[in-house]
Amino acid sequence: MSFLPDAATLIAYTLACAVLFLTPGPDMSLFLAKTLSGGRRAGMAAMLGTSIGCLVHTLLAAIGLSALLAASATAFAAVKVVGAAYLLWLAMDAIRSGSALNVRVDSAGREQFARTLLLGAGVNLTNPKVVLFFVTFLPQFVRAGDPDAAAQLVFLGVYYVLFSLPFAALMILGAERLLTFLKGRPRVLRLIDWTFAGVFGFFAVHILTTQSR
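Parameters at a glance
Within any chain, residue numbers begin from 1 and follow the written order of that chain's sequence. Note on the predicted model: pLDDT of at least 70 is required for a residue's local features to be given, and 80 or more for side-chain atom pairs to be given and counted; whole-chain, interface and lining totals, by contrast, use all residues. Excluding hydrogens and water, the side-chain values take into account all heavy atoms of the structure. Cavities and pockets were defined on a 1 Å grid built over protein atoms only: a cavity is a set of grid points that admits a 1.4 Å probe from which the probe cannot escape, a pocket is an open set flanked by protein on both sides within 12 Å along at least five of seven lines, and lining residues are those with an atom within 4 Å of any such point. Grid points are joined across faces, edges and corners, and a volume is the space filled by probe spheres set on the points. By definition, any uninterrupted DSSP run of H or I lasting at least four residues is a helix, any uninterrupted run of E lasting at least two residues is a strand, and each is numbered from the N terminus. In this count, Pro and Cys sit with the nonpolar residues alongside Ala, Val, Leu, Ile, Met, Phe, Trp and Tyr, while Asp, Glu, Lys and Arg are called charged and the others, Gly among them, polar.

1. Regarding the layout of surface pockets
So, point 1. Approximately 830 Å³ is the volume attributed to the largest pocket.
So, point 2. Taken together, 35 residues form the lining of the largest pocket, with L20, T23, P24, G25 and P26 sitting closest to its centre.
So, point 3. Among the elements of the structure, α1 (7–22), α2 (26–38), α3 (40–71), α4 (73–97), α6 (128–137), α7 (149–173) and α9 (186–211) are those that each provide at least two residues to the lining of the largest pocket.
So, point 4. Tallying contributions element by element places α4 first for the lining of the largest pocket, with six residues.
So, point 5. For the lining of the largest pocket, the class distribution of residues is 21 nonpolar, 10 polar and four charged.
So, point 6. Counted as a void, the second largest pocket has a volume near 400 Å³.
So, point 7. Lining of the second largest pocket is provided by 22 residues; of these, T9, K80, Q140, F141 and V142 occupy positions nearest its centre.
So, point 8. Where the lining of the second largest pocket is concerned, the elements lending two or more residues are α1, α4 and α9.
So, point 9. Ranked by residues supplied to the lining of the second largest pocket, first place goes to α9 with six residues.

Printed below as a string of structure tokens:
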């Protein structure tokens with residue numbers, strides 16, 4: 001179990017996962033929309049599909065980044081710096097543009113579970129922002145000289161999915177009330193935006209300052 005991160009790293013990562021999950025985006029918009037149009041079963045299918053997409057991103061990121069680390073620890077450190085800059089840009093964009101909660105309810109009626117699951121996976125896998133995020137986000141919690149870096153990257157990705165599943169299920173169960181609450185209280189979304197910006201901005205600045213020492 002040497003690939004498990006230390007307690008401080010896991011706490012920081014858990015905080016980042018919580019803020020990331022609570023910040024509305026395409027995945028959340030999709031499974032909430034499917035819940036409203038096709039019922040909770042459709043919402044669960046879409047949510048599981050996006051989770052599968054995250055697992056695929058995790059495996060691809062772990063394979064690519066571990067190969068990069070094996071080739072050059074300096075290159076891996078460079079990825080972390082670029083990733084920190086990207087996180088800083090995401091923080092500023094959250095304040096400037098706001099949350100991307102765009103729930104479009106169609107009237108297609110009941111959809112097949114498998115089709116909705118594949119749709120969720122496809123939306124997640126074809127989103128370039130998700131690809132870039134996993135490649136830049138996960139390495140921030142892995143040391144360049146760690147021999148178990150690949151296993152740790154996989155653990156972090158799977159941890160995020162398992163951490164998110166119960167909260168996503170609760171959102172689906174209360175989708176109508178949640179959307180009514182958020183639409184009637186735009187300040188709540190702005191508070192989420194500022195929290196996201198604060199947490200990820202802190203991570204970015206901390207990484208950039210430690211890497212420059």
